[in-house]
Amino acid sequence: MTRPIISMVAGETSGDMLAARLLSGLRPQLPDSLMHGIGGKHMAEYGFQSDYPMEKLSVRGLFEVLMHYREISGIRKQLMAQLLDEKPDVFIGVDAPDFNLDLEVQLKRAGIPTMHYISPSIWAWRGGRIKKIAEAVSHMLVIFPFEEEIYRKAGIPATYVGHPLAQVIPMEPDVEAAREELGLEADARVVTILPGSRMSEIKYNTTAFIATAKLLLQRDPHLQFLVPMVGAKQRAYYSELVLAAQLDEVPILLMEGKSHTAIAAADVVLVASGTASLEVALFKKPMVIAYKMMAASWHVLKHMGYQPWIGLPNIIAEDFLVPEFLQSAATPQNMADALWQQLNDVALQKRLKLRFANMHQDLLRDTAGISAQAVLNLIHNR
């Protein structure tokens, strides 16, 4: 029997973590398989070989992507040629739909089974993409329960695998242990700030987020602020932006990694919209969701949404559980006011904790096992 070949592409840190969860279930089933493509350090823990740096794909925003289009397109063409020649047993695109769907269309046409892990947000915006998904994807793995029916109605095989983070994050986070690990007092009032993992997110969110911390300090000088960064490059860029904005006097515990520890330790979180907002919800923490981007990108994208919410916790709940501030509304004053309320409203904190606990239960499945079995079924049925 020939050595199985699994090809995967993850385009950013959150995708790398989600893909690693799948690999944790798949690697024991296919211990000798070659697993390669594009991924990060979490996938590498399961023997995944990245042929190109994942950071090259970690660009967000319409015009930001256009500025890097030639390089990204070149990587996709090289990888496509390699895979068409190699003919892997399955290709799995992990999120990054703008990169992966075009790749998947060509591979599927060539008879290579294709799987996409994490549905593009067709239920939120650009719903017309489901036609392209039908051309590109042999089987879709979805992480929210309402998505499975959407795909089945469109004639696309789909499996609800639960959200991997619901397994990773405990139902009852250990706040005391997290604070002890970070050297914080047990009774400290802690605000965690998550401006994003992409360089573009750090660029547009950092100044407003740290200015928010400065306003909160004026109300309570004893507040403690945590800012985790995914890597040294992001940390250095964040520090440059804070210095340029003359906000370096704001006392921040800046760390590399440990984002889950920082969330667990928090009383409230200011978070950029994205997967991180769901992480905060699963840690049962009050939060304010905010997002800023290049003005030209915002001008285009603000007219393309189908729902009134942009934060995942609010989308899942179909309700404004927590405040959202976008672009010009994401002012330090607005964010500070909302965070201050959440810091001091005990009844609100209890309501949110209950809603987030119920959300956690709904998303809890054996994600690694279910998704790995779906991959094996696709390979065996080709």
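As the structure is a computational prediction, the values presented were derived from the model and not from experiment. (Residues numbered from 1 in each chain as written. Predicted model: local features only at pLDDT ≥ 70, side-chain atom pairs only at ≥ 80, totals over all residues. Heavy atoms only, no water.)

Some details on the sheet that holds strand E2 (residues 34-39)
Inference 1: Ordered in space as E3-E2-E1-E4-E5-E6-E7, the seven strands form an open sheet in which the pairing is parallel. Across the chains shown, the open sheet's two edge strands, defined by having one partner strand only, are strand E3 (49-53) and strand E7 (158-160). Between one strand and the next, the sheet's axes are offset by a mean angle of 20°, whatever the strand orientation.
Inference 2: Here strand E6 (residues 139-142) pairs with E7 via three bridges, running parallel. When the sheet's bridge partners are listed, Val-142 is paired in E7 with Tyr-160. (Pairing = 2+ DSSP bridges. Helix = DSSP H or I, 4+ residues; strand = E, 2+ residues; numbered from the N terminus. Axes fitted to C-alpha atoms, helices over the stretch in contact; angles between N-to-C directions.)

A closer look at the side chain of Arg-179
Inference 1: One can find Arg-179 in helix H9 (residues 175-181).
Inference 2: Arg-179 gets classed as buried once you look at its relative accessible area, which sits at 4%.
Inference 3: A distance of 2.6 Å separates a polar side-chain atom of Arg-179 from the backbone oxygen of Ala-188.
Inference 4: Excluding its chain neighbours within four sequence positions, the residues that come into contact with Arg-179 are Leu-184, Glu-185, Ala-186, Asp-187, Ala-188, Val-190, Ala-265, Ala-266 and Asp-267. (Buried < 20%, exposed > 50% of the residue type's maximum accessible area, 1.4 Å probe, protein only. Polar contact = N/O pair within 3.5 Å; in protein donor to acceptor, adjacent residues only side chain to side chain. Contact = heavy atoms within 4.5 Å.)

So, the sheet that holds strand E12 (residues 287-291)
Inference 1: Taken in spatial order, the six strands make up an open sheet running E10-E9-E8-E11-E12-E13, and their pairing is parallel. Two strands lie at the open edges of the sheet, namely strand E10 (252-256) and strand E13 (324-326), each paired on one side alone. With strand direction ignored, the average angle separating the axes of adjacent strands in the sheet is 20°.
Inference 2: Here four bridges tie strand E8 (residues 190-194) to strand E11 (residues 268-272), and the two strands are oriented parallel to one another.

Concerning unusual backbone geometry
Inference 1: Even without glycine at this site, Ile-118 takes up a positive phi of about 90°.
Inference 2: Relative to the helices and strands, Ile-118 resides in the loop between strand E5 (114-117) and helix H6 (129-136).
Inference 3: Residue Ile-118 is classed as buried on the basis of its relative accessible area, which comes to 8%.

Quick word on the pattern of salt bridges
Inference 1: Applying the stated criterion to the full structure yields twelve salt bridges.
Inference 2: Residue Glu-148 is joined to Arg-152 by a salt bridge in which the shortest nitrogen-to-oxygen separation is 3.0 Å. Placement of the pair is Glu-148 and Arg-152 together in helix H7 (residues 147-153), with a separation of four residues, close to one helical turn.
Inference 3: Overall, the relative accessible area of 18% leaves Glu-148 in the buried class.
Inference 4: What you see here is one network of salt bridges that share partners, running through Glu-12, Arg-198 and Glu-201. (Salt bridge = Lys/Arg side-chain N within 4 Å of Asp/Glu carboxyl O.)

Here's the deal with the nonpolar core
Inference 1: In terms of nonpolar packing, the biggest core is built from 74 residues, with Ile-6, Met-8, Leu-26, Ile-92, Tyr-117, Tyr-151 and Met-287 touching the most fellow members.
Inference 2: Per-element tally for this core: the top contributor is helix H18 (residues 367-380), with six residues.
Inference 3: Ignoring any residue separated from it by four or fewer positions in sequence, one finds Leu-26 in contact with Ile-6, Met-35, Ala-372, Val-375 and Leu-376. (Core = buried A, V, L, I, M, F, W, Y, C linked by side-chain atoms within 4.5 Å.)

Digging into the pairing of E8
Inference 1: Most of E8 sits inside the fold, with five of its five residues counted as buried.
Inference 2: Both faces of E8 are covered, namely the face carrying Val-190, Thr-192 and Leu-194 and the face carrying Val-191 and Ile-193.
Inference 3: The sheet contact formed by E8 and strand E9 (residues 224-229) spans three bridges and is parallel. The residue of E9 that forms the bridge with Thr-192 is Leu-226.
Inference 4: For the crossover from E8 across helix H10 (residues 199-219) to E9, the handedness is right-handed. (Right-handed = clockwise from strand over helix to strand, strands pointing away.)

Let's talk about the packing of H10 against helix H11 (residues 232-244)
Inference 1: Relative to each other, H10 and H11 sit at 40°, their axes nearing to 9 Å. The angle between H10 and H11 places the two elements in the oblique class. Note that H10 runs across H11; the crossing there is right-handed. Contacts from Met-199, Ile-202, Lys-203, Thr-206, Thr-207 and Ile-210 of H10 reach H11 at Lys-233, Gln-234, Tyr-237, Tyr-238, Leu-241 and Val-242.
Inference 2: Tallied by class, the residues present in the contact of H10 with H11 amount to seven nonpolar, three polar and two charged. (Parallel < 35°, antiparallel > 145°, perpendicular 65-115°, else oblique. Left-handed = near helix turned anticlockwise from the far one by under 90°. Nonpolar A, V, L, I, M, F, W, Y, C, P; charged D, E, K, R; others polar.)

Some words on the packing of aromatic side chains
Inference 1: Counted under the stated rule, the structure contains one aromatic pair.
Inference 2: Both rings, one in Phe-144 and one in Phe-146, keep their centres 5.9 Å apart while their planes meet at 5°; by these two values the pair is stacked.
Inference 3: Above the face of the Phe-99 ring, Arg-76 is positioned so that its terminal group lies 5.5 Å from the ring centre. (Phe/Tyr/Trp six-rings, centres within 6.5 Å; stacked < 30°, edge-to-face > 60°. Lys NZ or Arg CZ within 6 Å of the ring centre and 35° of its normal.)

Quick look at the side chain of Lys-284
Inference 1: The topology assignment puts Lys-284 in the loop between helix H13 (275-282) and E12.
Inference 2: Despite being buried, Lys-284 has no salt bridge partner; Glu-172 is the closest side chain of opposite charge, sitting 6.8 Å away.
Inference 3: For Lys-284, the side chain forms a polar contact with the main-chain oxygen of Leu-282, separated by 2.5 Å.
Inference 4: Setting aside its immediate chain neighbours within four residues, Lys-284 contacts Pro-170, Met-171, Pro-173, Lys-353, Phe-356, Ala-357 and His-360. (Lys, Arg positive; Asp, Glu negative; His and termini not counted.)

As for the layout of surface pockets
Inference 1: Size it by volume and the second largest pocket reaches roughly 320 Å³.
Inference 2: The wall of the second largest pocket is formed by 15 residues, among which Val-175, Ala-266, Lys-284, Lys-285 and Pro-286 lie closest to the centre.
Inference 3: Contributions of two or more residues to the lining of the second largest pocket are made by H9, helix H16 (332-344) and helix H17 (346-363). (1 Å grid on protein atoms, 1.4 Å probe; cavity = no way out; pocket = protein on both sides within 12 Å on 5 of 7 lines; lining within 4 Å. Points joined across faces, edges and corners; volume = space filled by probe spheres on them.)

What to know about the packing of helix H5 (residues 97-109) against H6
Inference 1: Relative to each other, H5 and H6 sit at 40°, their axes nearing to 7 Å. The pairing of H5 with H6 is recorded here as oblique in orientation. Residue-level inspection shows Pro-97, Leu-101, Asp-102, Glu-104, Val-105, Lys-108 and Arg-109 of H5 in contact with H6, the latter providing Arg-129, Lys-132, Ile-133, Ala-134, Glu-135 and Ala-136.
Inference 2: For the contact of H5 with H6, a count of residues per class yields six nonpolar, no polar and seven charged.

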